[in-house]
Each structure stands twice: as C-alpha cells, then as structure tokens.
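The primary structure of each chain is shown beneath.
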Amino acid sequence: MNIVFDFGVVLFDWQPATFLAQTFPERIPSPEAARHMAHAIFSHADWHAFDRGTMAMHEVVHNTAERLDLPHAQFNELVQRIGEYLLPVAGTVALLEQLAAHRAKHGDLKLYFLSNMPVPYARELEQRHAFLKHFDGGIFSGDVKLIKPEPGIYALLEQRYGLVPADTLFIDDLKANVAAAQAWGWQGIHFESPVQLGAALKAVLGEAA
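Scope of this entry: the structure provided in the associated data block. (Residues numbered from 1 in each chain as written. Predicted model: local features only at pLDDT ≥ 70, side-chain atom pairs only at ≥ 80, totals over all residues. Heavy atoms only, no water.)

**Remarks on unusual backbone geometry**
So, point 1. The omega angle of the peptide bond from Lys 148 to Pro 149 is 5°, so this bond is cis rather than trans.
So, point 2. By the element assignment, Pro 149 lies in the loop between α9 (141–144) and α10 (151–161).
So, point 3. The backbone of Val 9 sits at a positive phi, close to 80°, despite the residue not being glycine.
So, point 4. By the element assignment, Val 9 lies in the loop between β1 (2–5) and α1 (16–23).
So, point 5. Judged by its relative accessible area of 27%, Val 9 is partly exposed.
So, point 6. Phi at Asp 69 takes a positive value of approximately 55°, unusual for a residue other than glycine.
So, point 7. One can find Asp 69 in the loop between α4 (57–68) and α5 (72–80). (Helix = DSSP H or I, 4+ residues; strand = E, 2+ residues; numbered from the N terminus. Buried < 20%, exposed > 50% of the residue type's maximum accessible area, 1.4 Å probe, protein only.)

Encoded structure:
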C-alpha cells in the first residue's frame, strides 16, 4: 500500500489568520477580519501561482501588498518567515513514524507526499525537519509547476514512483483535493484531526496503523 500525505494542516500546522492578526493588529480587529484577510491573500490567483512555481516571492509580495494596501516591508517579512510558522503536527508525525517503523519491519508500505508548496518553503522544511526522511519520495507543487487538485500532479506522482492507483491512499485536509485523487482511482481520507486520521488508517490498514 502507498500512503500519500499532504503537508499543510495535515503534517504541518497552518493557521494564517493567526499570524496575520499578529502582524497587522491595526488592520485586523477581529477573528472574522483575520479569516477574510487570509482568504484574500492565500486563495488569490497570485498565491496559487507562487504555489505553482510560476511567480517569485518578491512578485507575490509586491502584488498582494499593492492590491490589499498592506505595508510592503511588514508583509514582505511575514512572507519570508512563513516557513517558521509551519510547525509539525505532533499527532500526525507520530502516525507517520509508526507507519515508517512498520515499513522497516514488514516492507509492505511506501510513504510519499504531495503538497502545494512554494519552492522556498519546501527547501526550508526539508532542512528543518528530519522526520521527512521517512518518505520514499514526493512532489512539491512549486518544483513541478502543477498544483492540486489538477489531475496532472496526481498523474506525475503515480508515474514517477510507479504507484498502482487502487493501492494508493491519499490524505488531505481539503475535500476537493481528496475528490480529485479518488477520481484518479486512488483511495482517499479527508483529514480532520490526527485522532480521526489514526482511526481511518486503522480501518484501512489494520495493524499497520
């Protein structure tokens, strides 16, 4: 069985509304305003292009600061530091390590990742977090100029590592990304919490989880 993990929210905490409120307290007076600002930044086509690797960091900073009338220097510093905000989700990392230990003993699992991640943050996470060595391979969107839920990124992971669709299980916090994987013939788990994921993996994998 091939287990494919998303990164943001699943393996790494991602709470953009929180760090936006800390950076721009004068512009964000409430949690609702913080969520609105996070959506305006991270769901915009410019950020998606940054994810895809077709827009550089300095371009997305300039465009977003101009569009939303944000202080350029403050916003630039925030974007530069996002890799620091991506902290491991302890419960999910524990599950990954459990799967890796099972693989080492039995050899019946492979572990991969498939993440929408700009190149600068991908390189930073690789340097910061030793537990990523548990993966047998994976794809960051910024490296391949494709993003989820486009079918091409699933196809590329499948082709690159010789994955059999029916034997591939994908975990993501976004339902659209899980649905795209399922449409490609993979199994899917919509991530809600480490506890929920552990139960779902046990239902599929039995003792391996």
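**Digging into the packing of helix α7 (residues 90–106) against helix α12 (residues 194–205)**
In helix packing, the relevant descriptors are the interaxial angle and the interaxial distance, both defined with respect to the helix axes.
So, point 1. Their axes nearest at 9 Å, the elements α7 and α12 cross at an angle of 25°. With respect to α12, the axis of α7 lies roughly parallel. With respect to the hand of their crossing, α7 and α12 are arranged in right-handed fashion. Contacts between α7 and α12 involve Gly 91, Thr 92, Leu 95 and Leu 99 from the former and Pro 194, Leu 197, Gly 198, Leu 201 and Leu 205 from the latter.
So, point 2. The residue makeup of the contact of α7 with α12, split by class, is six nonpolar, three polar and no charged. (Axes fitted to C-alpha atoms, helices over the stretch in contact; angles between N-to-C directions. Parallel < 35°, antiparallel > 145°, perpendicular 65-115°, else oblique. Left-handed = near helix turned anticlockwise from the far one by under 90°. Contact = heavy atoms within 4.5 Å. Nonpolar A, V, L, I, M, F, W, Y, C, P; charged D, E, K, R; others polar.)

**A short note on the nonpolar core**
So, point 1. Ranked by internal contacts, the top residues of the largest apolar core, which has 55 residues, are Phe 5, Phe 7 and Leu 20.
So, point 2. Among the elements that line this core, the one with the most residues is helix α2 (residues 31–42), at six residues.
So, point 3. Residue contacts for Phe 7: discarding those within four places in its chain leaves Phe 12, Phe 113, Ser 115, Met 117, Leu 125, Leu 132, Phe 135 and Phe 140. (Core = buried A, V, L, I, M, F, W, Y, C linked by side-chain atoms within 4.5 Å.)

**Looking at the sheet that holds strand β3 (residues 137–140)**
So, point 1. Ordered in space as β3-β2-β1-β4-β5, the five strands form an open sheet in which the pairing is parallel. Both outer strands of the open sheet, β3 and β5 (187–190), are each paired with one neighbouring strand and no more. Mean inter-strand twist for the sheet, computed between neighbouring axes without regard to direction, equals 15°.
So, point 2. As defined by bridge partners, β1 adjoins strand β2 (residues 110–115) across four bridges and the pair is classed as parallel. Bridge assignment links Ile 3 to a residue of β2, and that residue is Leu 111. (Pairing = 2+ DSSP bridges.)

**Notes on the packing of aromatic side chains**
So, point 1. Counted by the stated rule, this structure contains 19 aromatic pairs.
So, point 2. Between the aromatic rings of Phe 5 and Phe 135, the centroid separation amounts to 6.1 Å while the plane-to-plane angle is 70°, which identifies the pairing as edge-to-face. Taken together, the positions of Phe 5 in strand β1 and Phe 135 in the loop between α8 (119–128) and β3 put the pair 130 residues apart, joining distant regions of the chain. Take Phe 5 and Phe 135: they sit in the same class, and that class is buried.
So, point 3. Ring centres of Tyr 154 and Phe 170 lie 5.8 Å apart, and the angle between their planes is 90°; this geometry places the pair in the edge-to-face category. One end of the pair, Tyr 154, is in helix α10; the other, Phe 170, is in strand β4 (residues 168–172), with 16 residues separating them in the sequence. Phe 170 shares its class with Tyr 154; the two are buried.
So, point 4. Taken together, the ring pairs connect Phe 5, Phe 7, Phe 12, Phe 113, Phe 131, Phe 135 and Phe 140 into an aromatic cluster. (Phe/Tyr/Trp six-rings, centres within 6.5 Å; stacked < 30°, edge-to-face > 60°.)

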